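Below are the chains, spelled out letter by letter.
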Amino acid sequence: MEIVYVSIDQGVPRYVYTGCKNCSSIMGISLCSIKNRGCCYYYPRFTLLDIQRMARSLEGLRVLETIRRLPSVEIHPFEIHAKGYFDEEGYVRYMESGNRIDARDIRDHSIFFKACPFVKSGYGCSLPPRYRSYVCNFFLCNEVIEKIKSSSSFEAYIKERERYVRWVEWENTSLREILFENKLDLVKDFKSTIKLLQDIPLNIYDFPQLQRITISAGFSRGA
Ligand code: SF4
Ligand code: SF4
């Protein structure tokens, strides 16, 4: 029996699917050296709100520094793109072989050769949820969606996720405007930008505690 539920880490919400530890999704297939990485082929983008959260504690500042020092990080004016591992040679060989995975609606097969810089094989994400991007915290793959979509709580999960994403976008727009007014951004002056983000009060979103969804073998129901 697996469960989907809401978890809040220091005010930062996420959806948890307990079956991720035994991921059998197509996205979870890894043809690169980093196996058992679930769907963490993704290269996360840390927005101003994520960075503001990190800037408020010593622990968060250490995480921020780790991200900033990644070998293939891209620092943009208002976000940090943490690029990870890509076995490009393996990918080229695979594409030339003509022997491709039946990946249904997944068109970009390079994902099978990629891994996020923070994923640990067989363990999962090494970042605390409070510092992960909302994309990471709210992603549910198609296989999980299929399992829970008949639950009476499913609609609430989708609706509340959309509402939260709109709020995150609003917060990021507001932070960008404040930086703009102060003629600052992460590329121009990283240190002063972090200092300013530390001084801006951090807004907390009151995410509702949705009903857990229990997935039994062969069917799903609202728990
Ligand atoms: S969300 Fe889906 S693809 Fe990602 S780890 Fe969980 S089961 Fe696997
Ligand atoms: S940051 Fe964590 S959850 Fe997000 S893709 Fe990387 S390992 Fe996965």
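Residues numbered from 1 in each chain as written. Chains lettered and ligands numbered in written order. Predicted model: local features only at pLDDT ≥ 70, side-chain atom pairs only at ≥ 80, totals over all residues.

**Digging into the overall build of the chain**
- Tallying secondary structure elements over the chain gives seven helices and 11 strands in all.
- The C-alpha extent of the chain, read off along each of the three principal axes, is 55 × 45 × 25 Å.
- Across the 223 residues that make up the chain, the buried fraction comes to 28%.
- Put simply, of all contacts in the chain between residues at least 6 apart along the chain, 70% involve residues at least 24 apart. (Helix = DSSP H or I, 4+ residues; strand = E, 2+ residues; numbered from the N terminus. Buried ≥ 20, exposed ≤ 12 C-beta atoms within 10 Å, placed from the backbone. Contact = placed C-beta atoms within 7 Å.)

**Thoughts on helix α3 (residues 88–97)**
- Within α3, only zero of the 10 residues are buried, which leaves it mostly out in the open.
- Phi for Gly-98, located one or two positions after α3, is positive at around 75°.

**Overview of the pairing of strand β5 (residues 79–82)**
- By the alternation rule, side chains of β5 split into Ile-80 and Ala-82, which are all buried, and Glu-79 and His-81, of which none is buried.
- Strand direction decides the pairing type here: strand β3 (residues 45–47) and β5, joined by three bridges, are antiparallel. Paired with Phe-46 across the strands is Ile-80, a residue of β5.
- Hairpin connection, strand β4 (residues 73–75) to β5: the antiparallel pair is bridged by three residues. (Pairing = 2+ DSSP bridges.)

**What to know about the confidence of the model for the chain**
- Of all residues in the chain, 97% have pLDDT values of 70 or greater, and the mean over the chain is 95.
- Low pLDDT, under 50, characterises residues 219–223; the stretch is placed with 17 contacts to residues that sit more than four places away or in other chains. (pLDDT = per-residue confidence, 0-100.)

**Examining the site of ligand 2**
- Close contacts around ligand 2 come from Cys-40, Tyr-42, Pro-44, Cys-116, Phe-118, Val-119, Cys-125, Leu-127, Arg-132 and Cys-136, and that covers them all.
- Residues of the shell around ligand 2, tallied by class, amount to nine nonpolar, no polar and one charged. (Near = placed C-beta within 6 Å. Nonpolar A, V, L, I, M, F, W, Y, C, P; charged D, E, K, R; others polar.)

**With respect to the sheet that holds β3**
- Strand order in this open sheet of three strands is β3-β5-β4, and the pairing throughout is antiparallel. Lying at the two open borders of the sheet, with one neighbouring strand each, are β3 and β4. Direction aside, the axes of adjacent strands within the sheet are offset by 15° on average.
- Bridging between β4 and β5 involves three bridges; their strand directions are antiparallel. (Axes fitted to C-alpha atoms, helices over the stretch in contact; angles between N-to-C directions.)

**A closer look at helix α2 (residues 58–68)**
- For α2, the complete set of buried residues consists of Val-63, Leu-64 and Ile-67. The buried residues of α2 occupy an angular sector of 100° when the element is viewed end-on, so they sit on one face. Those residues of α2 that are exposed and angled more than 90 degrees off the buried face are Leu-58, Arg-62 and Glu-65.
- Buried residues along α2 sit against β3, α1 (48–54), β4 and β5. (Arc of directions from axis to C-beta.)

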